[in-house]
Amino acid sequence: MNYFPAEIIRKKRNGLPLSGDEIGFFVRQYVAGKIPDYQMSAFLMAVFFKGMNRQEMVALVESMKNSGSVLKLDDVDGFKLDKHSTGGVGDKISLILAPVLASLGIYVPMISGRGLAHSGGTLDKLEAIPGLNTRISLHKFREILLSAGFVIAGQTEELVPADRKIYALRDATATIESLPLVVASIMSKKLAEDLDGLVLDVKTGKGAFFPDKNDALQLAGNLITVGKDFDVNVRALLTNMDQPVGMACGNWVEVVEAVDCLTGNGPQDTMTEVFALATDALQIAGIGWPETDMQAKLQDAIDSGTAMEQFLHYVKMMGGDTRVLEKLSRYALVKPVVVKAERTGFVAELDARQIGIAAMLAGAGRKNAEDIVDPDAGILLKVKIGDFVRAGEPVAELFSNQPDLSQVVAAVQEAVRIGDKKPEPYQLIFGEISPEGELIISK
Ligand code: URA
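Note that the coordinates shown come from a computational prediction; the quantities given were computed from them, not determined experimentally.

Please clarify how the nonpolar core should be interpreted in this entry.
One broad rule of soluble globular proteins: the nonpolar side chains tend to lie buried together. Counting residues in hydrophobic clusters, the biggest one holds 103 residues, and the most contacted among them are Val100, Ile129, Phe311, Tyr314, Leu325, Ile379 and Val412. At nine residues, the largest contribution of residues to this core is made by helix α12 (residues 268–284). Taken domain by domain, the makeup of this core includes at least three residues from each of domain 2 (81–326 + 431–442) and domain 3 (333–419). Leaving out residues up to four positions away in the same chain, Val100 has contacts with Leu262, Leu298, Ala301, Ile302 and Ala307. Val27, Leu195, Ala220 and Val232 belong to the second largest nonpolar core, which has 54 residues in total.

Below you can see the structure in the form of structure tokens.
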């Protein structure tokens, strides 16, 4: 069936539901280069304002998933599970969780994304490792999965090309924070992976795309039920994105922190989140260790060095230089600029969104779709919410190749609010989310 693209945009703009055929046509023609970016941009903005009903959203997921090849992993002898986050700052969890799960016998075929707006992207972080290329063929994807037990790679012309193109366009057209667009982006990638299970890290708070808890829960409910529609067992945790995850935000700095986590020296919040998601993953996979054994097994994956070995194996197969990871020597290449506390007191706020914007301005993210990210750019926090700091002490170090960092320094200073009173303890994980989008367990 042939449709007029402008008619489809007009229909959505006027708040009318689109048929599955119309949505399929629009996505197919866009991927084929027959619908230009300007019409897709207008379509995305219309969806942003008018939303989509459930049938439309499922049709969008389906057509984006089928825009390329869908993996067939029947010959993989084991449980295939993936993890995805709805977007955060300092969120290097995938780099740690995937090798941890692989070292415990779960296969993790992960298609990830690049940075979006103020949030970082797993692919940009991985590509900070010299030589590592995240655009690989389907053949290589399978080969690495079977050999390393996990693979993290990007969308390509073969794998969910619709998300590859639309994702970059959404970033440049302020159309990220749309529930149906986020659901379609995440689930098209995940359903193309031939999964048995999926764990989701649904973020809420200042640095999340859905800062309001109820909006984040609604998003989670939709992600879980779409997964169910496609026979994938999905579990979701609601986690706090008021402050960044860990201390590092950017590209190479986050790789370094991920390696610290894999070698037993990572920040506590990051490991808590990794272990919480890993526990969900093991439960979905039917690996029924009791809770205490579960923690011990996860800790052993780190302490024994097997997760790190698996990570190095993956990096090598992706063309990356593992020597820099063993020595972490590139860290010293950019001289840090220190941001100091403006007053004495307790850190009351560490606004994740502001820190994400500062990292982007330092070069770690893109202002425009065609910008090239700087692998060295990033921020290393020296404090977290609740810490006591004296005026003049460092609150962060900035890494950047930009000549003028005054805007970045100002953004970090704005993000760090210091008060007289010690704030309430920071709650990192709010709990598990039901398919109805309700918080069911408070951890
Ligand atoms: N992660 C994705 O893959 N897509 C989104 O739209 C948001 C987070």
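Teacher, can you tell me more about helix α13 (residues 291–303) here?
A turn of α-helix holds 3.6 residues, and therefore any two residues three or four places apart point the same way. In a regular helix each residue adds 1.5 Å, so 13 residues correspond to 18 Å; α13 covers 18 Å between its end C-alpha atoms and thus fits that length. Turning to α13, its buried residues are Met294, Leu298, Ala301 and Ile302. The buried residues of α13 occupy one face: seen down the axis, they fall within an arc of 100°. Looking at α13, the residues exposed on the side facing more than 90 degrees away from the buried face are Thr292 and Asp303. Positive backbone phi, at 85°, marks Gly305, one or two positions downstream of α13.

Help me understand the environment of Glu370 in this model?
With respect to the element layout, Glu370 can be found in the loop between α16 (352–364) and β9 (378–381). The spacing of Glu370 and Ala172 is 198 residues in sequence and 9.4 Å in space, taken between C-alpha atoms.

It is not clear to me how the sheet that holds β9 should be interpreted in this structure. Could you clarify?
Think of a sheet as strands paired side by side through backbone hydrogen bonds, with each pair either parallel or antiparallel. If you trace the four strands from one edge of the open sheet to the other, you get β6-β9-β11-β7, paired in antiparallel fashion. Here the strands that pair on one side only, and so sit at the sheet edges, are β6 (248–250) and β7 (337–340). Strand-to-strand, the axes of this sheet are offset by a mean angle of 20°, without reference to chain direction. In the sheet, β6 pairs with β9 via three bridges, with the strands oriented antiparallel. Directly across from Gly250, in β9, lies its bridge partner Gly378. Sheet strands touched by α16: β6, β9 and β11 (394–399). Its angle to β9, the strand with the most contacts, is close to 135°.

Explain the site of the ligand here, please?
The full set of residues close to the ligand is His84, Ser85, Thr86, Leu116, Tyr167, Arg170, Val182, Ser185, Ile186 and Lys189. In this structure, an oxygen atom belonging to the ligand sits 2.9 Å away from a side-chain N or O atom of His84. Within the side chain of Lys189, a nitrogen or oxygen atom sits 2.6 Å from an oxygen atom of the ligand. Protein contact buries 97% of the 240 Å² of open area that the ligand shows by itself. Placement of the ligand is best described as lying within the largest cavity. Contributing elements (two or more residues each) for the shell around the ligand: β1 (81–85), α8 (161–172) and α9 (179–191). Top element by residues in the shell around the ligand is α9. It accounts for four residues.

Looking at this structure, I do not really get the packing of aromatic side chains. What am I missing?
How two aromatic rings sit relative to each other is set out by the distance from centre to centre and by the angle between their planes. Taken as a whole and assessed by the stated rule, the structure comprises six aromatic pairs. Relative to Tyr314, the ring of Phe150 lies with its centre 4.6 Å away and its plane at 35°, an arrangement referred to as tilted. In this pair, Phe150 sits in strand β3 (residues 150–154) while Tyr314 sits in helix α14 (residues 306–317), placing the two residues 164 residues apart along the sequence. Classification of Phe150 as buried rests on a relative accessible area of 0%. Accessibility expressed as a relative area gives 0% for Tyr314, which makes it buried. Taken together, a centroid distance of 6.3 Å and an interplanar angle of 35° make the contact between Phe311 and Tyr314 tilted.

What counts and what doesn't
The residue numbers shown here count from 1 along each chain, following its written sequence. A pLDDT threshold of at least 70 governs which residues receive local features in this predicted model, and a stricter bar of 80 or more applies before side-chain atom pairs are shown or counted, although totals over entire chains, interfaces and linings include all residues. Processing note: side-chain calculations cover all non-hydrogen atoms of the structure and skip hydrogens and water entirely. As used in this record, nonpolar core signifies buried Ala, Val, Leu, Ile, Met, Phe, Trp, Tyr and Cys residues forming a set joined through side-chain atoms within 4.5 Å. Exposure classes here rest on a 1.4 Å probe applied to the protein chains alone. A residue is buried below 20% of its type maximum, exposed above 50%, and partly exposed in between. Only DSSP runs of H or I covering at least 4 residues are called helices, and only runs of E covering at least 2 are called strands; the numbering of each starts at the N terminus. What counts as a domain boundary in this text is fixed by an automatic or database domain assignment. Throughout, a residue-residue contact means that at least one pair of heavy atoms, one from each residue, lies within 4.5 Å. How far a helix is expected to stretch is found by multiplying one less than its residue total by 1.5 Å. Comment: arc refers to directions from the helix axis out to C-beta atoms. For two strands to count as paired, DSSP must find a minimum of two bridges between them. Every axis corresponds to a line fitted to the C-alpha atoms, with the helix fit spanning only the stretch in contact, and the corresponding angles, defined between N-to-C directions, vary from 0 to 180 degrees. In this text, near means that some heavy atom of the residue lies within 4 Å of the molecule or strand in question. Nitrogen and oxygen atoms within 3.5 Å of one another constitute a polar contact, given that in protein one can donate a hydrogen and the other can accept it, and given that sequence-neighbouring residues count only through two side-chain atoms. Surface accessibility follows the Shrake-Rupley procedure with a 1.4 Å probe radius. Residue values consider only the protein chains on display as shielding. Here the term cavity refers to a set of points on a 1 Å grid, laid over the protein atoms alone, in which a 1.4 Å probe fits but cannot get out; the term pocket refers to an open set having protein on both sides within 12 Å along at least five of seven lines, with lining residues being those that place an atom within 4 Å of a point. Each molecule is checked against the cavity or pocket grid, and it sits inside if more than half of its atoms lie within 2 Å of the grid points. Pairing of aromatic rings covers Phe, Tyr and the six-membered ring of Trp, with a centre-to-centre limit of 6.5 Å; geometry is then stacked below 30 degrees between planes, edge-to-face above 60, and tilted otherwise.

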